[in-house]
Every structure is written in structure tokens, then in C-alpha cells.
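# Chains, contacts and geometry: an overview
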Amino acid sequence: MKIKMKDGSIREADFKEELGKNAFWHTTAHILAQAIKRLYPDTKCAIGPSIKNGFYYDFDFHFHFSEENFAEVEAEMKKIVNENLQLKHFIVDHKKAIQIMEEKNESYKIELLNELPKEEKISFYQQGEYLEMCAGPHIAYTNAIKAFKLLSIAGAYWRGNEKNKMLTRIYGISFPSKDLLEEYLNQLEEAKKRDHRKLGKELGLFALFEEGPGFPFFLPKGLLLKNLLIDYWRKLHIREGYMEISTPIMLNRQLWETSGHWNYYKDKMYTTLIDETDFAVKPMSCPGSMLVYKMEPHSYREFPMRISELGLIHRNEKSGTLHGLMRVRCCTQDDAHIFMTPEQIQDEIKGVAHLIDEVYSNFGFHYHVELSTRPENSIGSDKDWEMATNSLKNALDDLKLPYIINEGDGAFYGPKVDFHLEDSIGRTWQCGTIQLDFQLPQRFKAEYIGEDGNKHQPIMIHRVVFGSIERFIGILIEHFAGKFPLWLSPVQVKILSISDKYMNYIKEIEMTLKKEGIRCEVDERAEKIGYKIRSAQLEKIPYMLIIGEKEAKTSCVSVRKRDDGDLGSMPIKQLLEILQKEGI
RNA sequence: GCUGACAUGGCACAGGCGGUAGCGCACUUCAUUGGUAAUGAAGAGGUCACGGGUUCAAGUCCCGUUGUCAGCUCCA
């Protein structure tokens, strides 16, 4: 495909390449806008870029546009594709650009233009009667778009600011062939089957009720999973020299005023009055941790001092942001606070980053890293912020971890490094984070005795590995599509009886497995074996033991593996070896 | 919080123009005692999210509330 660039040059790129894909989708967005303008000329166009999967276009409609309108819009788009319009590119000066957009009464475009310097040259693309101010790139002709589909409709604030008008955003996707579109839509369907909310219900892991929006309930199998993760986490943290504590979920107002949360975080905290004193349910565990630190004097010899806590935290998140286990109002953070000297910062950050990498790699997760800098609403001096931000940067550079920078996205008390994981449809969620904090030790007047015999203020790191255990479980469910590895499976082995004549032998096998610490269940219903296998398979249980006359007589078990099918008959001892090897 | 859509037995769904609810799976009972993804039969389960309104009559139409979903904003 020929791609027309912003500067007027032409490049060659395939749809498989990033450039080709962007141009392809971007052009489809223009075709959408062209169709909209043909059908509803009063509509104003805002912006319409290509995105990770497809494109969107934001419109300001003068009527209620709904998905019922999709059919006629798609029909018009089809016409535009068939007209095989050429995308012409030209550049005008700023004044002329404003003139063109004023003629077309495109007020959003004019607003964008007014923010550009007057000497800026403005790039335009035109296909047929449709003209758009746009930086491109675009493909050369509309009929390359052999298959497209409008996918959904949603509100989106103009320029992403919630104080601005909400526009109507139309999402879509397009491909150079019908087969590719089919394939994509199938993939979407498949991804939906992995949705942790769906699997969580089907597998009996967790539940959410109208009585507590955003407050998940853990069901027996889900809690087992959560506890297994916690066991794993504890083992790692003991190895890494952390000391675990537990602090109350409610503390008084004075503490939150000291920490700064009362001023900077109050709208997200649940508060109540006890004996005429304000109390807040903790949205973070750090202030509790500070109290523990301050119980007694500390020496630099104790540093780095790593205090961990599985903190049950509550945050009044906006109702529209709640999302299964991924975004909740109550969760367990695998928090830890590390107190140290300035010289120890680099090594500590690197150590934590290593730990996070170890855990994510253990699950086969892919992640990306973001560094967030000082936000507008923050506390502390410029000097401290600069030092903290540079410490994080240096550690990431040392580790050769690629990262992107989020300007102004840090916590109010310090900059942070976030580790993001992907869900089944490619949305990313912040999980691990390392946050440097010069503020809290200062606010709490925390100190330690240095090598010089004088008092100093310790540096503090807040960090989580899972992030919230809830969110991490959500990611786990989607990553494994509910087929957890053996060590994490709530039920590891299901024994399926062929007839009830051999129940004694089955109970014997069950006891043997349970003595080895293997989580197993017996399906002794009066059903056929095919039915029970199907049932265990749907429960995604890793190992099934089929036991009937043959097994009872030969003192064996027939083993069926969730992912590999029939493994044949073997003595129980051999099965135990297989399970041990896989890791229980 | 904002915009839009949705809300029917445990689950997944039907219910053109308003005439007081259906199917499949699961569940219970009975029969069947079987060999690697669904044995057969019978039975029980719903004040159609909640609160108002229109109407002789509302699952169905209107308004509100709550919740869910998609996205925006925000965040672990």
C-alpha cells in the first residue's frame, strides 16, 4: 500500500506493519466521518485517530445517535469505499486553515487550530467532497478497505477533560479482507470467554452483589486461590527479608491529617464518627506502618528495613469505574514499606523491581513499565521530587527496563514506577508499583541514628508486587482462561467413579491423595463416566482419576489430564510422582 | 461521576402491535451400574431489579432509583 505522509512524501507499507495499519484505520475513520457528514450534515467533527485495535471518531451530534443508526452509516461508508476516492494531501498556512474550517463551521477544529502557532503549516487530506485537517498518514484510495465494522458507541469528553462537553465516540475496525475481519471478530468472541467476571461466576471463585457494589465476596474456591497466592507471596517475602505486620483498617482523623490523606484523599475515604471523633477506613496502609516504625528508635544498622503488610484497604472509587475484580472499592494490597538511607535507594529499587519481575515471569505475564512524575496537587519541595524521580529513572536504566513516562501522574507524595499487566482483550491494568516517598517520613518526623551518631530522616519506599490481590487474580483468571497451573488449582484432582461398586477403593485413593496434601474431590453421582468427565473438564480441573472395576482389581488409577487427555492406567505411586514433579 | 445500552427462575436465553410467563442446562425423585466431553423419565423453581405513573388490563408503554455492561474521566 502507498501511504501518504504529513509532509506530502509517499511511503510503502503493508497492513501488517504499524505504519500501514495506522494509515488504514485512520483513513477508515475519515470515511466514517465522511458518511456521517453526508447523512447528518449538521454534525460537528472533533477528532478521529487510529488506536491499538481499529479507530474511533468523536462527533457532536445534534440528535440522539444510537447503534440503530450503524446500519445506514455502514451502508454509506460502503458507498464511499466503492466510489474509490483518492486521498489528496495538501498543506496550507495557518490563516487559510482557519478560513477553511470556518467555512465548514467546524468549531472543534478551529479550537485546535487556535492553539497552534500562527506560523505553523497545516496539513489537510481530502477524499471526494470531504476535507479534513489532519496530520495523517493515510492510504491512497478508499477501496483498499475491503471489510469494516462499527463496533460500539460511547461518550467521551472533548479533549479528555471531564469539565468539557461529552461527545459521541464511535469505535470501529477495518481490514483489507473479509477473512481478516471475521478472524478478528472471532478473536473478540474468544477473549470474552476468558473474561474473569464470567469465569469467576462459572468456576465459583467470587461474587459481587448489588448490596455492595465494588466489594467482592470470595467463595470457597476463590478464597483458596487467594490464600495460595498469599502463601507463595509470604515465602518470597521471608526470603527477601521482609517482616510482616498487620495494622487496623480504621484510624482516627489526626493520623490522616498527619499523613496528608485528610486533605489530599478525603473524597475517596470512608469516614465515620466514633465517640465524637472522626475516623477513616484506611485507603492505604502506610500511616499505620509509620506508627509501627515510630514505636522505637532505629539505627542505620537496621536498614534497609522492610516491613510488609497485606492491607485490607477501602477506597470510594467512582461508580462508573468499577470492573469485576480489576477495579474494586475494597481490596487487599500486598504492601510493604522500606526504610533506608539515601545511599540504599538504588539497590532497594532494583531489588524490588527484580522481585516483581520474578513473580510476573513465574506466571508467564508480559508487562510494561511506566514512570509517573509530579502531579499538580502534590506536597514536598522541587528538590526532593527531582531527586526521587531521578533515583527511579537511574534504577530502571541500570536494570535496562524499558519504560514510558507519564508526566504529572505520580502520587501526591512522590513519583512512582508502575508495572502494567494486560487483560484478555488487551486493556492494561496497573499492578506492581514502586513509589518513593520523602514526604511521609518528614510529616511523621520519622528518624534514625546514622553512622555519625546524629539523627537523620529515613527514605521510604512504598511498593506492591501483586498490586491488589483481587486485580492480580482477575489477571490470572484471564491469563490462564481459568485453567490454573496445578499448584494454584482450587481442586487439583477429581476422582470419577464408574460405578458405586468400588467406592471403598475410591475412598482409599482419596485418603492417600489427601495425606499428600493434594486437594481432591470425588464425583460419586450415579452418572455415566462421559458425563462426569465433561463436568470435571468444564470445572477446568487439572487431573481426573477414572476408577472402576479394572482399576480396583489391578490397584491402579486411570489418569486423564485436563489439557492432554488420557494418560492411561498407573499405580497411585506413579501418579504422585507426576504430581510432585509438576509442583503441588 | 459523565454518555449510552441493558436488567425475565441458580446459569444462559425466548417472550411482533400491552391481555397476568416459556425453552435448554443445573436442581430433586425414580429407573439405569456404565469405560474417557451430556442415559432416560417424572417433578419442583419466577410477586419478570426496585418504586411510582398511564390503562379495564403492564414483563411489554412513560418517569425515577439501584445495579450491570461499553467507553470517557480517575486509579492498585
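Residues numbered from 1 in each chain as written. Chains lettered and ligands numbered in written order. Predicted model: local features only at pLDDT ≥ 70, side-chain atom pairs only at ≥ 80, totals over all residues. Heavy atoms only, no water.

## As for the layout of surface pockets
Operational definition: A pocket, in this scheme, is an open set of points on a 1 Å grid over the protein atoms alone with protein on both sides within 12 Å along at least 5 of 7 lines, while a cavity is a set where a 1.4 Å probe fits but cannot get out; residues line either one if an atom lies within 4 Å of a point. Grid points are joined across faces, edges and corners, and a volume is the space filled by probe spheres set on the points. Here the nonpolar group is Ala, Val, Leu, Ile, Met, Phe, Trp, Tyr, Cys and Pro; Asp, Glu, Lys and Arg are the charged ones; every other residue, Gly included, is treated as polar.
Its boundaries defined by the atoms lining it, the largest pocket holds a volume of some 1300 Å³. Lining of the largest pocket is provided by 42 residues; of these, Tyr265, Lys268, Arg315, Glu317 and Lys416 occupy positions nearest its centre. The residue makeup of the lining of the largest pocket, split by class, is 16 nonpolar, 13 polar and 13 charged. Taken as a whole, the second largest pocket holds about 710 Å³ of empty space.

## Here's the deal with the pairing of strand β19 (residues 330-340)
Here is the rule: Exposure categories follow from relative accessible area, calculated using a 1.4 Å probe and restricted to protein chains: below 20% of the type maximum is buried, above 50% is exposed, and the middle band is partly exposed. Secondary structure is summarised from DSSP: a helix means a run of H or I of at least four residues, a strand means a run of E of at least two, and numbering begins at the N terminus for each. In this analysis, strands are considered paired if DSSP registers two or more bridges between them.
For β19, the buried fraction is high: 11 of the 11 residues fall into the buried class. Residues Cys330, Thr332, Asp334, Ala336, Ile338 and Met340 line one face of β19 and the alternating positions Cys331, Gln333, Asp335, His337 and Phe339 line the opposite face, and both faces are buried. Sheet topology places β19 next to strand β26 (residues 459-468); seven bridges connect them, and they run antiparallel. Note that in β26 the partner of Gln333 across the bridge is Ser468.

## Some details on the sheet that holds strand β31 (residues 565-570)
Just so we agree on the cut-off: Only the contacting stretch of a helix is used when fitting its axis, a line to C-alpha atoms as for every element, and angles between N-to-C directions run 0 to 180 degrees. Residues count as neighbours in contact if any of their non-hydrogen atoms are within 4.5 Å of one another.
Strand order in the open sheet made by the five strands is β28-β27-β29-β30-β31, with mixed pairing throughout. Across the chains shown, the open sheet's two edge strands, defined by having one partner strand only, are β28 (520-523) and β31. When strand polarity is set aside, the average angle formed by the axes of neighbouring strands in this sheet is 25°. The pairing of strand β27 (residues 493-497) with β28 spans four bridges and is classified as parallel. When the sheet's bridge partners are listed, Ile495 is paired in β28 with Val522. Where helix α18 (residues 572-582) meets the sheet, it contacts β27, β29 (543-547), β30 (557-561) and β31, and its direction lies at approximately 175° from that of β29.

## Here we look at unusual backbone geometry
The omega angle of the peptide bond from Gly136 to Pro137 is -5°, so this bond is cis rather than trans. By the secondary structure assignment, Pro137 is in the loop between β8 (130-133) and β9 (138-139). In this model, Phe303 is joined to Pro304 through a cis peptide bond whose omega is -10°. Locating Pro304 in the fold gives a position in the loop between α10 (286-293) and β18 (305-314). For Asn105, which is not glycine, the phi torsion reads 60° and is therefore positive. Looking at where Asn105 falls in the secondary structure, it is placed in the loop between α3 (94-103) and α4 (107-114). A relative accessible area of 48% means that Asn105 is categorised as partly exposed. The phi dihedral of Ser555 is positive, around 55°, even though this residue is not glycine.

## Digging into the environment of Glu12
Which entries qualify depends on this criterion: Polar contact criterion, stated in full: a pair of N or O atoms within 3.5 Å, where within protein one must be able to donate a hydrogen and the other to accept it, and residues adjacent in sequence count only if both atoms are side-chain atoms.
Within the secondary structure, Glu12 is located in strand β2 (residues 10-12). With a relative accessible area of 55%, Glu12 lands in the exposed category. As a C-alpha pair, Glu12 and Ile139 span 127 residues in sequence and 9.6 Å in three-dimensional space. Apart from the residues within four sequence positions on either side, Glu12 is in contact with Met1 and Lys2. One polar contact links the side chain of Glu12 to the main-chain amide nitrogen of Met1, over a distance of 3.0 Å.

## Re the pairing of β29
Residues in a regular strand project their side chains so that they alternate between the two faces of the sheet. Most of β29 is tucked away: five of the five residues are buried. Residue alternation in β29 divides its side chains into two sets, Tyr543, Leu545 and Ile547 and Met544 and Ile546, and both sets are buried. Bridging between β27 and β29 involves five bridges; their strand directions are parallel. The residue of β29 that forms the bridge with Val493 is Tyr543. Summarising the sheet, β29 and β30 pair through four bridges and their orientation is antiparallel. Looking at the pairing, Ile546 lines up with Ser558 of β30.

## What about the packing of helix α7 (residues 220-239) against helix α14 (residues 469-480)?
This is how it is decided: Here roughly perpendicular refers to angles of 65 to 115 degrees, roughly parallel to angles under 35, roughly antiparallel to angles over 145, and oblique to all remaining angles.
One way to put it is that α7 packs onto α14 with a least axis distance of 11 Å and a crossing angle of 105°. If you check the angle between α7 and α14, you find them roughly perpendicular. Residues Leu225, Lys226, Leu229 and Ile230 of α7 touch α14, and the partners they reach there are Ile469, Glu470, Phe472, Ile473 and Leu476. Of the residues contributing to the contact of α7 with α14, the split by class is seven nonpolar, no polar and two charged.

## A closer look at the sheet that holds β2
Ordered in space as β2-β1-β9, the three strands form an open sheet in which the pairing is antiparallel. Looking along the sheet, the strands with just one partner apiece sit at the ends: β2 and β9. Relative to β2, strand β1 (residues 2-4) runs antiparallel, the two being bridged by three bridges. Bridge assignment links Ile3 to a residue of β2, and that residue is Arg11.

## Overview of α3
Threshold: Relevant arc is that of directions from the helix axis to the C-beta atoms, nothing else.
Turning to α3, its buried residues number three or more, namely His94, Ala97, Ile98, Ile100 and Met101. With its buried residues spanning 160° around the axis, α3 presents them on a single face. Of the residues in α3, the exposed ones pointing more than 90 degrees away from the buried face are Lys95 and Glu103. Its buried side turned inward, α3 meets β6 (87-93), α4, β7 (121-127) and β8. Downstream of α3 by a residue or two, Asn105 has a phi angle that is positive, lying close to 60°.

## Regarding the state of the cysteines
Here, disulfide denotes a covalent bond that connects the sulfur atoms of two cysteines. Definition in use: Our working definition of a disulfide is a cysteine sulfur pair at a distance within 2.5 Å.
Throughout the structure, instances matching the rule amount to zero disulfides. Cys331 supplies the cysteine sulfur nearest to Cys330, a cysteine that is in no disulfide, at a spacing of 6.8 Å. Residue class for Cys330 comes out buried when judged on its relative accessible area of 14%. Not engaged in a disulfide, the cysteine Cys431 finds its nearest cysteine sulfur in Cys331; these two sulfurs lie 11 Å apart.

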